Amino acid sequence: MKRPEVRGGVPGDSGAPGAPFSFGIASEIKGCDGDFTTPFYNGGTPAGRQTAPRRGRGVLPSALDAGGGAPGFFRRCSMNMREGENGAAGAACRPMRLVIWVVLLFGLVSCFGDVVYEGARSANGQYFSLLGASATLMGVLYGIGEFLGYALRLVSGRICDATGRPWPLIIAGYASLVVVPFMGLTDNLLVLCALFLTERIGKALRNPPKDAVLSQLSEKRIGTGLVFGIQEALDQLGAFAGPLVFTFVFLKSGAADLAAYQHGYRLLFAGAALVIVAVVAAWRIVTRFNLLEQARAGARAEESPSRIFPPYMAFTFFASAGLVAFSIIGFHLKQKAVVSDSAITTLYAAAMIIDAAAALVIGRLYDVFKERRGQKTAGLRTLLVLPVC
């Protein structure tokens with residue numbers, strides 16, 4: 001049976017018998033949201049049909065146009081795609097589906113990456129202690145590492161803006177995670193310090209372009225707060241699993257000696273490999289379907305962040321100034337034999353799973369504040385929760 005012709009706009013302009021008619025997909029559809037007209041028939045013939053606007057089944061709320069986001073959008077979008085997978089609705093929903101895949105892939109990248117990084121972070125202090133490192137060395141090393149990990153973001157962010165090519169920085173940054181498992185192949189403190197600093201530099205390379213890509217892809221389709229909440233939740237899920245790798249090794253071997261720590265580091269090679277696979281898959285989808293170009297073409301000018309940026313940077317500085325790296329805490333817990341080595345890594349894992357649960361709530365609140373105030377910077381009021389933490 002020949003499929004009736006589908007035209008854009010409101011179906012049934014002429015009303016003439018035998019005229020091609022639409023199945024209710026209007027040209028106004030953009031992405032997966034918006035109203036469209038759906039015909040209903042009087043008498044069962046095209047000549048007698050009428051049209052009436054109706055909210056399409058599965059259509060996302062118009063709040064998403066403002067960068068919002070809503071629970072259940074995955075299900076609603078998939079319903080729309082099933083209804084119109086061979087027509088305009090399916091084609092219109094395709095970018096949304098691809099963006100969802102990219103968001104989930106980046107979530108897996110963050111998850112596997114934190115299995116590697118946070119797993120090592122939970123054990124670094126104790127490992128360095130076993131090798132005879134002093135508290136002064138640990139403080140200087142972590143001070144330099146954290147400084148490089150944040151200061152160099154200004155450089156990578158500037159390079160990304162200037163070249164418009166975020167992917168070389170993202171891939172190189174995540175590839176640097178492979179140095180972490182190599183910490184289990186040496187007991188030389190100088191080599192270990194170099195490997196640690198290399199990973200910190202890699203984090204500085206990857207984070208700004210990765211955040212820029214996610215923000216551009218998601219703001220008009222899903223909502224930046226929800227997307228970054230999902231990212232943080234998956235990130236912390238990996239941060240929960242990583243320390244448990246060492247806990248498992250300690251419990252299985254019945255010891256927490258140098259050999260046990262090195263075995264734990266070597267197990268992290270699997271996580272590093274999965275990170276590279278996931279980030280390459282995300283790169284292939286985004287570049288093959290030109291998702292970034294589509295997002296930039298549909299972007300509108302927003303209010304300048306110049307007024308809010310200086311106080312935000314001051315807030316970030318003072319909030320970070322009161323933090324102590326867990327590896328230094330773990331170093332002292334090991335030195336003074338306060339608790340067992342397996343308890344130290346398990347304690348860190350517990351903190352990470354609490355972070356994962358809070359991330360989804362805070363991310364959703366960020367979008368809600370933006371929607372209600374109609375300002376891009378309104379979501380920053382979620383930062384008020386930090387002083388009480």
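None of these values were measured; they are calculated from a predicted model.

Conventions used here
Residues numbered from 1 in each chain as written. Predicted model: local features only at pLDDT ≥ 70, side-chain atom pairs only at ≥ 80, totals over all residues. Heavy atoms only, no water. Helix = DSSP H or I, 4+ residues; strand = E, 2+ residues; numbered from the N terminus. Buried < 20%, exposed > 50% of the residue type's maximum accessible area, 1.4 Å probe, protein only. Contact = heavy atoms within 4.5 Å. Core = buried A, V, L, I, M, F, W, Y, C linked by side-chain atoms within 4.5 Å. Expected span 1.5 Å × (residues − 1). Salt bridge = Lys/Arg side-chain N within 4 Å of Asp/Glu carboxyl O. Phe/Tyr/Trp six-rings, centres within 6.5 Å; stacked < 30°, edge-to-face > 60°. Lys NZ or Arg CZ within 6 Å of the ring centre and 35° of its normal. pLDDT = per-residue confidence, 0-100. Axes fitted to C-alpha atoms, helices over the stretch in contact; angles between N-to-C directions. Parallel < 35°, antiparallel > 145°, perpendicular 65-115°, else oblique. Left-handed = near helix turned anticlockwise from the far one by under 90°. Nonpolar A, V, L, I, M, F, W, Y, C, P; charged D, E, K, R; others polar. Patch = residues over 30% accessible without salt bridge, like charges linked within 9 Å, V, L, I, M, F, W, Y side chains within 5 Å. Areas by Shrake-Rupley, 256 points an atom, 1.4 Å probe, with all protein chains shown as cover. Lys, Arg positive; Asp, Glu negative; His and termini not counted. Charge placed at Lys NZ, Arg CZ, Asp CG, Glu CD.

(A) Region of the structure containing the overall build of the chain. Assigned secondary structure in the chain consists of twelve helices and two strands. Taken across its 389 residues, the chain has 44% of its residues classed as buried. Nonlocal contacts in the chain, meaning residues at least 24 apart in sequence, comprise 71% of its contacts between residues at least 6 apart.

(B) Expanded view of the nonpolar core. Grouped together as the largest cluster of nonpolar side chains are 57 residues, with contacts concentrated most on Phe-106, Phe-128, Trp-167, Leu-217, Ile-222, Tyr-265 and Leu-268. Counting residues per element, the ones that place at least two in this core are α2 (88-130), α3 (135-163), α4 (167-175), α5 (189-218), α6 (224-253), α7 (258-267), α8 (269-288) and α9 (291-297). Ignoring sequence-local partners within four residues, the contact set of Leu-268 consists of Val-115, Val-116, Ala-120, Val-180, Pro-181, Val-245 and Phe-246. Formed by six residues, the second largest nonpolar core is a distinct cluster that contains Ala-239, Phe-326, Ile-344 and Tyr-348.

(C) Expanded view of α3. Here α3 contains 29 residues, and its C-alpha end-to-end distance of 42 Å stays within 8% of the 42 Å for a straight helix at 1.5 Å per residue. Here α3 has its buried residues at Met-138, Leu-141, Tyr-142, Gly-145, Leu-148, Gly-149, Arg-153, Ser-156, Gly-157 and Cys-160. Where α3 ends, the next residue or the one after it, Gly-164, has phi of about 70 degrees, a positive value.

(D) Main features of the pattern of salt bridges. Applying the stated rule across the entire model yields seven salt bridges. A salt bridge links Arg-206 to Glu-199; the shortest N-O distance between them is 3.4 Å. Each of the salt bridges in this network shares a partner with another, and the network as a whole consists of Glu-118, Arg-121, Glu-146, Glu-199, Arg-200 and Arg-206.

(E) Geometry of the packing of aromatic side chains. Applying the stated rule across the entire model yields eleven aromatic pairs. The interplanar angle of 50 degrees and the centroid separation of 4.9 Å between the aromatic rings of Tyr-127 and Tyr-265 together place this pair among those described as tilted. With Tyr-127 in helix α2 and Tyr-265 in helix α7, this residue pair connects regions lying 138 residues apart in the sequence. In this structure Tyr-127 comes out as buried when scored by relative accessible area, which is 0%. Put simply, the rings of Tyr-127, Phe-246, Phe-250, Tyr-261 and Tyr-265 pair up and form one aromatic cluster. Against the face of Tyr-174 rests Arg-206, its NZ or CZ located 4.9 Å from the ring centre.

(F) Layout of the confidence of the model for the chain. Mean pLDDT over the chain stands at 76; residues scoring 70 or higher make up 68%. Contacts of residues 1-90 to residues separated by more than four positions or lying in other chains number 137 contacts, the stretch itself having pLDDT below 50.

(G) Inspection of the packing of α3 against α5 at higher detail. Relative to each other, α3 and α5 sit at 30 degrees, their axes nearing to 7 Å. Between α3 and α5, the interaxial angle falls into the category roughly parallel. Considering the relative orientation of α3 and α5, their crossing is right-handed. A breakdown of the residues in the contact of α3 with α5 according to their chemical character gives 16 nonpolar, five polar and four charged.

(H) Local environment of α6. Along its 30 residues, α6 runs 44 Å from first to last C-alpha, staying within 8% of the 44 Å computed at 1.5 Å per residue. With its phi angle positive at about 75 degrees, Gly-254 sits one or two positions after the end of α6.

(I) How the structure looks around a positive patch on the surface. Residues Arg-94, Arg-97, Arg-284 and Arg-288 make up a contiguous surface patch of positive charge. Breaking the positive patch down by element, the ones donating at least two residues are α2 and α8. Tracing the chain through its elements places Arg-288 in helix α8.

(J) Just a nonpolar patch on the surface, in detail. Together, Ile-308, Phe-309, Tyr-312 and Met-313 make up an exposed nonpolar region whose accessible area comes to about 360 Å². Mapped onto the elements of the fold, Phe-309 is located in helix α10 (residues 309-321).

(K) Quick look at unusual backbone geometry. Phi is positive for Asn-290, close to 50 degrees, though the residue is something other than glycine. Residue position: Asn-290 is located in the loop between α8 and α9. Accessibility expressed as a relative area gives 40% for Asn-290, which makes it partly exposed. The phi torsion at Ala-337 lies on the positive side, around 55 degrees, for a residue other than glycine. Position of Ala-337 among the secondary structure elements: in the loop between α11 (326-335) and α12 (341-373). For Ala-337, a relative accessible area of 60% translates into the label exposed.

(L) Broad picture of the environment of Ile-222. Its location among the elements puts Ile-222 in the loop between α5 and α6. Judged by relative accessible area, Ile-222 falls into the buried class, the value being 2%. Sequence-wise, Ile-222 and Val-99 are 123 residues apart; in three dimensions their C-alpha atoms are separated by 8.8 Å.

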